[in-house]
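The residues making up each chain are set out below.
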Amino acid sequence: MKYYFIMLFLVICTAVNAAEIKLPLLTRFPQTVAKDTDTVVRKQSVSIGVNYGSDVLFFGRTGPIKYPFITTDVVYNTKNGFFIYGSGTKVLGYNPLIDEIDLGAGYMHKYTKNLTGTLSYSRFFFNKDAAEVIKSASSNDIDFKNSYDWKFAKSSVTVDYLFGKSSDFFLTFSTSKYIETNWSVFDDKDYLSFNPTISAIMGTQNFVQKFSADHPGKLSLDYISDISAEHRLPNYDNGRFNALNYSVKLPIAYNRPHYTFEASWKYSIPVNVEGELKNRHELFFNMTFYYLFF
């Protein structure tokens, strides 16, 4: 049972970042390795969870002010690898009860013993009175992720195509090392796990220009003066494919057979920032609780 749950948890912990908008934290695939064989057996499951974040991070970019948030996720995984999910987001300190709802579906395929791939589509719906998070410039995401387990570490490459009010293309690279304790905390059914991860994001950032055009009141006074003087938005090269962000993440989790509580810290280093969002090095904090029914 313990190794069954480890396989689930690895799928979460190797998910980057990057996007923090990607599949819900609970998009996991119940599977276990049959004893003395390499055969992977998947199981049907339902996952639910709640997550708190100190700020909204979207492909290495944040808005001009901090938006702490809470999300809830529900995911249904089938035995053959298909999954569907829904997620609701509440930005703390703003009036709407729900700022955003995400719906999606996808499929996970195991190419070999060590190589897996996941293809998914997500649709984002924003409340008209929602907080003006930078993510609101996009409403669709097609995501293709491939992960390889080297035994000593796990590496992932993710391709994202986002479209809606703006269109962007991203590549996210990450490497993680999953570690768990060989001792228990309270009884023989629990353990701690760590999954330090480094990641890099490359891509375009047309969504930054679109956000700037839609919300000039959220930008700096100098930027607004430039717009007034020229009667147009500055011509930033947002369509160029470039490095966007580097980050280091440390999740620490307490695990039991059906649930996990995790705290994580992520240090983000934005680079090649276009526009006047004034992104800077920032430390993000997240707390997550999820429960698995199988």
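Counting restarts for each chain, with residues numbered from 1 along the sequence as it is written. Residue-level local features of this predicted model are given only where pLDDT is at least 70; pairs of side-chain atoms are given and counted only at 80 or more, and the full residue set underlies all totals for whole chains, interfaces and linings. Hydrogens and water are ignored here; the side-chain numbers use all heavy atoms of the structure.

Visitor: Sorry, what's going on with the overall build of the chain here?
Guide: Runs of E in the DSSP output that reach at least two residues are strands. Runs of H or I that reach at least four are helices, and both are numbered from the N terminus. Assigned secondary structure in the chain consists of 3 helices and 16 strands. Only the protein chains shown count as cover for residues, and the accessible areas themselves come from Shrake-Rupley with a 1.4 Å probe. Entry remark: accessible area of the chain is about 13,800 Å², with carbon and sulfur atoms responsible for 62%.

Visitor: Mind showing me how you'd approach the pairing of strand 9 (residues 154–164) here?
Guide: As paired elements, strand 8 (residues 138–149) and strand 9 share 11 bridges and run antiparallel to each other. Bridge assignment links Ser147 to a residue of strand 9, and that residue is Ser156. Turn length for the strand 8-strand 9 hairpin, with the two strands adjacent in sequence and antiparallel, is 4 residues, and the turn residue Lys151 shows positive phi of about 80°. Note that strand 9 and strand 10 (residues 168–176) share 9 bridges and pair antiparallel. Note on strand 10: the bridge partner recorded for Ser155 is Thr175. Any two strands with at least two DSSP-identified bridges between them are counted as paired.

Visitor: Looking at this structure, how should I read the nonpolar core?
Guide: Nonpolar side chains tend toward joint burial in soluble globular proteins. We define a nonpolar core as any set of buried Ala, Val, Leu, Ile, Met, Phe, Trp, Tyr and Cys residues linked to one another through side-chain atoms lying within 4.5 Å. Partly exposed describes any residue whose relative accessible area lies between the buried limit of under 20% and the exposed limit of over 50%, with all areas from a 1.4 Å probe on protein chains only and scaled to the type maximum. With 10 residues, the main nonpolar core is built from Phe58, Phe59, Phe124, Ala137, Leu162, Phe170, Ile201, Phe207, Val208 and Leu244. Any two residues whose heavy atoms approach within 4.5 Å at even a single point are treated as in contact. When neighbours within four sequence positions are excluded, Phe170 is seen to be in contact with Phe59, Thr158, Val159, Asp160, Leu162, Ile201, Met202, Gly203, Thr204, Phe207 and Leu244. Val56, Phe69, Val91 and Ala131 belong to the second largest nonpolar core, which has 5 residues in total.

Visitor: Hey, could you run me through the pairing of strand 4 (residues 69–77) in this one?
Guide: Across a regular strand the side chains alternate sides, sitting on one face of the sheet and then on the other. Residues of strand 4 alternate between two faces, with Phe69, Thr71, Asp73, Val75 and Asn77 buried on one and Ile70, Thr72, Val74 and Tyr76 left unburied on the opposite face. Bridging between strand 4 and strand 5 (residues 82–91) involves 9 bridges; their strand directions are antiparallel. Residue pairing across strands places Asp73 opposite Ser87, the latter belonging to strand 5. Taken together, strand 4 and the strand that follows it, strand 5, pair antiparallel across an intervening segment of 4 residues, in which Gly81 is found at a positive phi of about 105°.

Visitor: Where do I start with the packing of aromatic side chains in this structure?
Guide: Any two of the Phe, Tyr and Trp rings considered here, Trp counted by its six-membered ring, make a pair once their centres fall within 6.5 Å; the pair's planes then place it as stacked at under 30 degrees, edge-to-face at over 60, or tilted in between. According to the stated counting rule, one finds 14 aromatic pairs in the structure shown. Judged by centre distance (3.9 Å) and plane angle (10°), the ring pair of Phe59 and Phe170 falls under stacked. Here the residue Phe59 occupies a position in the loop between strand 3 (45–53) and strand 4, and Phe170 occupies one in strand 10, the gap between them amounting to 111 residues. Taking the centre distance of 4.8 Å and the plane angle of 50° together, the rings of Tyr291 and Phe293 count as tilted. Among the aromatic residues, those joined into a ring-pair cluster are Tyr259, Phe289, Tyr291 and Phe293. To sit over a ring, a charge needs its Lys NZ or Arg CZ within 6 Å of the ring centre and within 35 degrees of the ring normal. One Lys or Arg, Arg123, reaches over the ring of Phe125 and ends 4.6 Å from the middle of that ring.

Visitor: Please clarify how unusual backbone geometry should be interpreted in this entry.
Guide: The residue Phe59 is not glycine, and still its phi comes out positive at about 50°. Unlike most non-glycine residues, Lys151 shows phi in positive territory, near 80°. With respect to the element layout, Lys151 can be found in the loop between strand 8 and strand 9.

Visitor: Explain a nonpolar patch on the surface here, please?
Guide: Here the term patch refers to residues with relative accessible area over 30% and no salt bridge, with like charges joined within 9 Å and nonpolar side chains (Val, Leu, Ile, Met, Phe, Trp, Tyr) within 5 Å. The rule for a salt bridge is simple: a side-chain nitrogen of Lys or Arg has to be within 4 Å of a carboxyl oxygen of Asp or Glu. Side chains of Tyr111, Leu119, Tyr121, Ile142, Phe144, Tyr161, Phe169 and Phe241 sit close together on the surface and give an oily, nonpolar patch of about 700 Å² of accessible area. Mapped by element, the contributors of at least two residues to the nonpolar patch are strand 7 (115–126) and strand 8. Examined against the element boundaries, Phe144 turns out to sit in strand 8.

Visitor: Any chance you could explain the side chain of Asp73 here in plain terms?
Guide: Relative to the elements of secondary structure, Asp73 occurs in strand 4. Here Asp73 falls in the buried class, since its relative accessible area comes to 6%. Distance and chemistry together define a polar contact, namely a pair of N or O atoms within 3.5 Å, with one atom able to donate a hydrogen and the other to accept it when in protein, and with adjacent residues in sequence counting only for side-chain atoms on both sides. A polar side-chain atom of Asp73 sits 2.8 Å from a polar atom in the side chain of Ser87.

Visitor: Is there a simple way to explain the confidence of the model for the chain in this structure?
Guide: Low pLDDT marks stretches whose predicted atomic positions should not be read closely. In the predicted model, the chain carries a mean pLDDT of 80, and the fraction of residues at 70 or more is 73%. Per-residue confidence from the prediction method is given by pLDDT, with values spanning 0 to 100. Note on residues 3–19: pLDDT under 50 across the span, and 70 contacts to partners over four residues away in sequence or across chains. Predicted confidence for residues 220–231 stays below pLDDT 50, and this span has 11 contacts to residues more than four positions away or in other chains.

Visitor: Which parts of the structure should I look at to understand the pattern of salt bridges?
Guide: A side chain of one charge can pair with a side chain of the opposite charge if their charged atoms are brought near each other. In total, this model carries 2 salt bridges according to the counting rule given. Several salt bridges converge on common partners, so that one network encompasses Asp187, Asp190 and Arg256.

Visitor: Whenever I open this one, the environment of Pro96 confuses me. Can you help?
Guide: You can see Pro96 is positioned in the loop between strand 5 and strand 6 (100–110). Taking the C-alpha atoms as reference, Pro96 lies 9.0 Å from Lys128; in sequence the two are 32 residues apart. The contacts of Pro96, once residues within four sequence positions are left out, are Lys90, Asn127, Asp129 and Ala130.

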